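# Structural characterization, general
In case you want the letters, here they are:
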Amino acid sequence: MLGVFAEFETNLRRERQMEGIAAAKLKGVYKGRPASIDAAKVAALKAEGVGATEIAKPLKVGRASVYRVLAS
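A brief report on the enclosed structure follows.

## Notes on unusual backbone geometry
Phi angles above zero are rare outside glycine, and Lys-60 is one such case at about 55°. Of note, Lys-60 is situated in the loop between helix 3 (52-59) and helix 4 (63-71). Since its relative accessible area comes to 76%, Lys-60 is described here as exposed.

Quick look at the structure:
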């Protein structure tokens, strides 16, 4: 029985949180983290035939981040 009440309270809290996030987005406050990778630079280096590891080193990012940028 206590689990039912806990789940109900969690759902209420989640709804309030989503409403607050939606309101903040409308005001332009909730923007998320700014991009730390220059996607154009990654694409240019990849077009030159440079591998993901060699792209990641000078940009000081992880190889997985390079793959993520290239996939999008």
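## Quick look at the nonpolar core
Residues Val-42, Ala-52, Ile-55, Ala-56, Val-66 and Val-69 constitute the largest nonpolar core, which totals 6 residues. At the level of elements, helix 3 and helix 4 are the ones that each hand at least two residues to this core. Broken down by element, the residue count for this core peaks at 3 residues, all from helix 3. Excluding anything up to four places from it in sequence, Val-69 contacts Ile-37, Ala-39 and Val-42.

## With respect to helix 4
Three or more residues of helix 4 are buried, namely Ser-65, Val-66 and Val-69. Buried residues of helix 4, seen end-on, are gathered within an arc of 100° and therefore sit on one face of the element. For helix 4, exposure combined with an orientation more than 90 degrees from the buried face picks out Arg-68 and Ala-71. Those residues of helix 4 hidden inside the fold are in contact with helix 2 (39-47) and helix 3.

## Observations concerning the environment of Leu-45
Considering the arrangement of structural elements, one finds Leu-45 in helix 2. The sequence separation of Leu-45 and Ile-55 amounts to 10 residues, and the corresponding C-alpha distance is 6.7 Å. Among all residues touching Leu-45, those that are not within four sequence positions of it are Val-50 and Ile-55.

Criteria and cut-off values
- Residues numbered from 1 in each chain as written.
- Predicted model: local features only at pLDDT ≥ 70, side-chain atom pairs only at ≥ 80, totals over all residues.
- Heavy atoms only, no water.
- Helix = DSSP H or I, 4+ residues; strand = E, 2+ residues; numbered from the N terminus.
- Buried < 20%, exposed > 50% of the residue type's maximum accessible area, 1.4 Å probe, protein only.
- Core = buried A, V, L, I, M, F, W, Y, C linked by side-chain atoms within 4.5 Å.
- Contact = heavy atoms within 4.5 Å.
- Arc of directions from axis to C-beta.

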